[in-house]
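Next come the chains, spelled out residue by residue.
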Amino acid sequence: MIILHHCHESRSMRALWLIHELQLNAEIITHTFGRELHTPDYLAIHPLGRVPCLIDQDTALFESGAITEWLCHRHDKHHHFGRHQDHPERFEWLQWVHYSETMAVHCANLTQQFIALNDESLRSPTVIKLEKRRLEKSIGVIEQHLADRDYMLDSGFSAADISIGYSLHVGRLFTDLSVFEKTAAYYQRLSE
């Protein structure tokens, strides 16, 4: 039995999306941010009290990149979403699955500034400016990579696109994706 601990609009969306693409039977436990994630029972599963957390039989994982690798390795027998060890795109696949965290970190810092800090006087215009610039720079890498392809890999849609897609989903809240023509079209394809 697969169990995914999830919060709306969080990085657990990556695992949720991949579970749906793989058509896996899974129990999705949706939490609200806050105290619910800091109960002794949940902290025994995820020591920081965050999401995602995936339990697959006796295995518990709590990093979205590791969860992506695990689900593809264990449940994607035809390698539609993952790339097996000997596949020529394996390392490129790994790169993009984990590159998505580069964008997600900037999004998390911007989320903290705009959402977590309720008192506007606590927000840092310098941090906001730097993180927005870093986010846009990281999206620029995606834009350049998509210059001659529709998805992150030449072979087509994969879990790497799910990982990047989530980061763009959040990133669009902080920057105008339409400035990145190829990336905006890519995000639209993923959204559909």
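Residues numbered from 1 in each chain as written. Predicted model: local features only at pLDDT ≥ 70, side-chain atom pairs only at ≥ 80, totals over all residues. Heavy atoms only, no water.

A. Structural context of unusual backbone geometry. The step from Val 51 to Pro 52 runs through a cis peptide bond, and the omega angle for that step is 5°. Examined against the element boundaries, Pro 52 turns out to sit in the loop between α2 (40–45) and β3 (53–56). Its identity is not glycine, yet Glu 9 carries a phi of approximately 65°, on the positive side. Position of Glu 9 among the secondary structure elements: in the loop between β1 (2–6) and α1 (12–21). At His 79, a position not held by glycine, the phi torsion is positive, near 60°. (Helix = DSSP H or I, 4+ residues; strand = E, 2+ residues; numbered from the N terminus.)

B. Expanded view of the sheet that holds strand β2 (residues 26–30). In spatial order, the strands read β2-β1-β3-β4; together these four strands make up an open sheet with mixed pairing. Every interior strand has two partners, whereas the edge strands, β2 and β4 (59–61), have only one. Across the sheet, the axes of successive neighbouring strands diverge by a mean angle of 15°, strand direction being ignored. Where β3 and β4 come together, three bridges link them in antiparallel fashion. In the sheet register, Leu 54 faces β4, and the bridge partner there is Leu 61. Strands in contact with α1 are β1, β2 and β3; relative to β1, the strand with the most contacts, it is inclined by about 145°. In this fold helix α3 (residues 64–75) packs onto β1, β3 and β4, with an angle of close to 25° to the strand it touches most, β3. (Pairing = 2+ DSSP bridges. Axes fitted to C-alpha atoms, helices over the stretch in contact; angles between N-to-C directions. Contact = heavy atoms within 4.5 Å.)

C. Main features of the packing of helix α4 (residues 90–116) against helix α5 (residues 125–145). The N-to-C vectors of α4 and α5 enclose an angle of 155°; their axes lie 9 Å apart at closest approach. In terms of their interaxial angle, α4 and α5 are classed as roughly antiparallel. Crossing angle aside, the handedness with which α4 passes α5 is left-handed. Between α4 and α5, the residues in contact are Glu 92, Trp 96, Tyr 99, Thr 102, Met 103, His 106, Cys 107, Asn 109, Leu 110, Gln 113 and Phe 114 and Val 127, Ile 128, Glu 131, Lys 132, Arg 134, Leu 135, Ser 138, Ile 139, Val 141, Ile 142 and His 145, respectively. Looking at the contact of α4 with α5, its residues break down into 12 nonpolar, six polar and four charged. (Parallel < 35°, antiparallel > 145°, perpendicular 65-115°, else oblique. Left-handed = near helix turned anticlockwise from the far one by under 90°. Nonpolar A, V, L, I, M, F, W, Y, C, P; charged D, E, K, R; others polar.)

These results come straight from atomic positions and should not be treated as a statement about function.
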